[in-house]
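The lines below spell out each chain.
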Amino acid sequence: MDGQGKCRNIVIVGFMGTGKSTVSRILSERLGWERIDTDEEIERRAGKSIPQIFAEDGEASFRDWESRVLTDVLSGSGKVVATGGGAVLRESNRQVMLAGGWVVALTADKDSLIKRVMSSAASGTRPLLAGDAEARVTALLESRRRAYDFAQATIDTSRLSPADVANMMLNWMQ
């Protein structure tokens, strides 16, 4: 947010399953701002799904797409941007996010996350969870423990509905 309490964009970061996509949808509707899910935008631009990008081009290629999309979408204003869970792994992405908007990290406890991501892991839409999804969530959580600390605000979504999370964010903006 700028000195007057206004923000150009809202950037929602967090581990997979914390509610980024759903909360971004609610916020964009309430604010009348454009909603951009970076994973959806990458798929649109690449012309293939994220699992395809991982399988055919590798994770590094996906991360390059992610950086380009973040830079492009955060150059404007009036957007609610939901990022992929790993978008914060590159320092350059964190700087782009902080320069481009108000960054809010969504968190949740491990049990809540596992419940939320198990169905998408089984359907193959989360390539980083291939194999033992519970073990992968545990390992990824550990490796990213401090990855979201750069955000200007943090909300634990474990026991909150997406609407409650959106309401908290809207109240903070006033």
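Residues numbered from 1 in each chain as written. Predicted model: local features only at pLDDT ≥ 70, side-chain atom pairs only at ≥ 80, totals over all residues. Heavy atoms only, no water.

### Looking at the sheet that holds strand E1 (residues 9–14)
What counts, and what does not: Note on pairing: DSSP must find at least two bridges between two strands before they are called paired. By definition, any uninterrupted DSSP run of H or I lasting at least four residues is a helix, any uninterrupted run of E lasting at least two residues is a strand, and each is numbered from the N terminus. The axes are straight lines fitted to the C-alpha atoms, using for helices just the contacting stretch, and the angles between their N-to-C directions are given from 0 to 180°.
Here five strands make up an open sheet; going across it, the order is E2-E3-E1-E4-E5 and the pairing parallel. The open sheet is flanked by strand E2 (34–37) and strand E5 (153–156), the only strands paired with a single partner. When the angles between neighbouring strand axes are averaged without regard to direction, this sheet yields 20 degrees. Taken together, the four bridges between E2 and strand E3 (residues 79–82) define a ladder with parallel strand orientation.

### Observations concerning the nonpolar core
To be explicit about the condition: Buried Ala, Val, Leu, Ile, Met, Phe, Trp, Tyr and Cys residues that are joined via side-chain atoms within 4.5 Å together make up what is termed a nonpolar core. We call a residue buried when its accessible area falls under 20% of the maximum for its residue type, exposed when it is over 50%, and partly exposed in between, using a 1.4 Å probe and counting protein chains only. By definition in these notes, contact holds between two residues if any of their heavy atoms fall within 4.5 Å.
By size, the foremost hydrophobic cluster in this structure holds 30 residues, and its most contacted members are Val-13, Phe-15, Leu-74, Val-88, Met-97, Val-103 and Tyr-148. Counting residues per element, the ones that place at least two in this core are E1, helix H3 (50–57), helix H4 (59–73), strand E4 (102–107), helix H6 (110–123) and helix H7 (133–143). Take this core: its biggest share by element is four residues, from H4. Those residues in contact with Phe-15 that sit more than four places away from it in its chain are Lys-20, Leu-106, Leu-113, Val-137, Leu-140, Leu-141, Arg-144 and Tyr-148. Grouped together as the second largest cluster of nonpolar side chains are 17 residues, Trp-102, Ala-153, Val-165 and Met-169 included.

### Some points on the side chain of Lys-20
The condition that has to hold: Counted charges follow a simple rule, with Lys and Arg positive, Asp and Glu negative, and His plus the chain ends left uncounted. Basic side-chain nitrogens of Lys or Arg form a salt bridge, by our definition, when they fall within 4 Å of a carboxyl oxygen of Asp or Glu. The term polar contact refers here to a pair of N or O atoms within 3.5 Å; inside protein, the definition further demands a hydrogen-donor-capable atom paired with an acceptor-capable atom, and it admits residues adjacent in sequence only when both atoms are side-chain atoms.
Within the secondary structure, Lys-20 sits in helix H1 (residues 20–31). Despite its burial, Lys-20 pairs with no opposite charge; the closest candidate is Asp-39, at 7.0 Å N-O. Polar contacts involving the side chain of Lys-20 include one to the main-chain carbonyl oxygen of Gly-14, which spans 2.9 Å. Dropping the residues within four chain positions of it, Lys-20 is found in contact with Ile-12, Val-13, Gly-14, Phe-15, Ala-82, Thr-83, Gly-84, Gly-85 and Leu-106.

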